[in-house]
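# Remarks on the overall topology
Below, each chain spelled out in residue letters.
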Amino acid sequence: MVHYPGRVSIIGAGTLGGTIAYSLIMEDLAKEILLVDMSSNIVQGQVLDLAEASEGTNIVLRAGTFKEAGQSSLVIITADVEPYDDEERNEWLTRSRRLFLGIMSSMSPIHDDILILVASEPADLYVHVLADYFPRLSPKRVFGIGTTMATFRFQTWLTELTDTNINDIKDAYCIGTQSDPIIVWSCAKVQDSPVTFIPLLVSQKPALDTIVSNHRYHLIRKRKGRAWYGVAATVTRLIKEFLNLQKKGKGRASDQVTGTSNQRTWVLSVYVPHLEAYMSWPVKLNSQGIKEIIHLPLSTDELEKINKVKELNQYDFQTSAQLL
Ligand SMILES: NC(=O)c1ccc[n+]([C@@H]2O[C@H](COP(=O)([O-])OP(=O)(O)OC[C@H]3O[C@@H](n4cnc5c(N)ncnc54)[C@H](O)[C@@H]3O)[C@@H](O)[C@H]2O)c1
């Protein structure tokens, strides 16, 4: 097995995959970008289109195979199967799982230093299936895009109502799942004051669920189908952080393992060891993937919601295997 540092492979070269590739080119974030898709027409069309965007850069952009993707530094998966109109959820989950099993077996063998980022939905199921399929791969190297964007909506709401900026907000996260994020309210702070002590925030809180829980996404969907710029930008920022950490790690061995202080917190779909479950959770990164799962002092009510998400995700994982 050969590892090609600087190679980023995107599996699923549709709208989201193409937008991510475009954004990586504009930010000059890879040596080589491979587009992999089951439709050769889509791949060829995207490669021709994106080649014009990569003119004047040193980035090699081309169609790739699943096997080549398995030898990349980073694989981003955006392939998916959409549910049919009258399809039962367990049938759709089974088709989704089958899709991933096909992708993983085509990619195998993968090298041990690979990072795999899932952007397609349902991310928690996909991350779980991936981790099971590649037991030799550290679970810290497999993660989904998670609820980072919902968290950003929550934090923006706090800054707008309190006339503060994002650096004044601490421990305010949305965790759980993308389709049903849980707002962590009990430990959130604005300028070191708990949000529970700020009357304006408490009185406006009933509106927050709608704002955070994909409301913006549904507004966009209604008007133009799918939304992809926000997630493409999030993926690009995430990759930028990994590259920065890898560069720093080359200079100082300790950084490679521990990352640096003042790092951004991401809310990614990951394996959460103390819950023995997969869901979106705040994490810090290092060059090898997830460095640290952030401890959250949660309220009883929030813990109950988390247990529900855990059960639902486990149920999805089990039912998706039954019809395989
Ligand atoms: N996390 C988010 O906020 C967010 C935002 C936008 C999209 N998404 C998710 O990203 C996924 C893709 O969205 P899109 O708009 O790009 O869809 P799309 O239909 O434009 O692209 C999907 C691509 O995957 C390809 N594909 C399907 N099966 C494949 C396989 N086995 N191997 C390789 N390629 C395969 C298809 O040919 C298609 O080109 C969806 O699951 C969507 O829900 C998530």
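Below, the structure is looked at part by part. Since the structure is predicted, the reported quantities are computational estimates derived from the model, not experimental observations. (Residues numbered from 1 in each chain as written. Predicted model: local features only at pLDDT ≥ 70, side-chain atom pairs only at ≥ 80, totals over all residues. Heavy atoms only, no water.)

### A look at the overall build of the protein
The helix and strand inventory of the protein stands at 11 helices and 14 strands. Relative to the globule expectation of 20 Å for 324 residues, the C-alpha radius of gyration of the protein, 20 Å, shows essentially globular dimensions. By its C-alpha atoms, the protein is 55 × 50 × 40 Å across when sized along the principal axes. Here the protein holds 324 residues, and 50% of them are scored as buried. Taking the intrachain contacts of the protein between residues at least 6 apart in sequence as the baseline, contacts between residues at least 24 apart amount to 69%. Just so you have it, the protein exposes about 16000 Å², and 52% of that area is on carbon and sulfur atoms. Here the protein holds 33 positive side-chain charges and 36 negative ones, and the gap between their average locations is 4 Å. (Helix = DSSP H or I, 4+ residues; strand = E, 2+ residues; numbered from the N terminus. Rg over C-alpha atoms; globule rule 2.2 N^0.38 Å. Buried < 20%, exposed > 50% of the residue type's maximum accessible area, 1.4 Å probe, protein only. Contact = heavy atoms within 4.5 Å. Areas by Shrake-Rupley, 256 points an atom, 1.4 Å probe, with all protein chains shown as cover. Lys, Arg positive; Asp, Glu negative; His and termini not counted. Charge placed at Lys NZ, Arg CZ, Asp CG, Glu CD.)

### Topic: the site of the ligand
Inspection of the region around the ligand gives 22 residues, with Leu 16, Asp 37, Gln 178, Arg 226 and Ala 227 positioned closest. Gly 14 has a polar backbone atom sitting 3.5 Å from an oxygen atom of the ligand. Relative to its free-state accessible area of 860 Å², the ligand is covered by the protein chains to the extent of 86%. Considering only residue class, the shell around the ligand consists of 12 nonpolar, 6 polar and 4 charged. Residues lining the shell around the ligand come from more than one domain, with at least three contributed by each of domain 1 (4–146) and domain 2 (147–324). (Near = heavy atom within 4 Å. Polar contact = N/O pair within 3.5 Å; in protein donor to acceptor, adjacent residues only side chain to side chain. Nonpolar A, V, L, I, M, F, W, Y, C, P; charged D, E, K, R; others polar. Domains from an automatic or database assignment.)

### Points about the pattern of salt bridges
All chains considered together, the criterion is met by 12 salt bridges. Asp 113 is the partner of Arg 141 in a salt bridge, and the nearest nitrogen-oxygen pair spans 3.9 Å. Of the two residues, Arg 141 is situated in the loop between α5 (123–133) and β6 (142–144) and Asp 113 in the loop between α4 (89–107) and β5 (115–118); the sequence distance between them amounts to 28 residues. Arg 141 sits in the buried class, given a relative accessible area of 10%. (Salt bridge = Lys/Arg side-chain N within 4 Å of Asp/Glu carboxyl O.)

### A few points about the sheet that holds strand β11 (residues 193–194)
Paired through their backbone hydrogen bonds, the strands of a sheet run either parallel or antiparallel. Reading across from one edge, β7-β10-β11 is the order of the 3 strands in this open sheet, with antiparallel pairing throughout. Each edge of the sheet is formed by a strand with only one pairing partner; in this case those strands are β7 (169–170) and β11. The pairing of strand β10 (residues 189–190) with β11 spans 2 bridges and is classified as antiparallel. Paired with Lys 189 across the strands is Pro 194, a residue of β11. (Pairing = 2+ DSSP bridges.)

### Some words on the packing of aromatic side chains
Counted by the stated rule, this structure contains 7 aromatic pairs. Between Tyr 133 and Phe 134, the ring centres sit 5.1 Å apart and the planes meet at 85°, which makes this aromatic pair edge-to-face. Note on Phe 134: relative accessible area 8%, which makes it buried. Considering the side-chain rings of Trp 228 and Tyr 229, the 5.9 Å spacing of their centres and the 50° angle between planes classify their relative orientation as tilted. (Phe/Tyr/Trp six-rings, centres within 6.5 Å; stacked < 30°, edge-to-face > 60°.)

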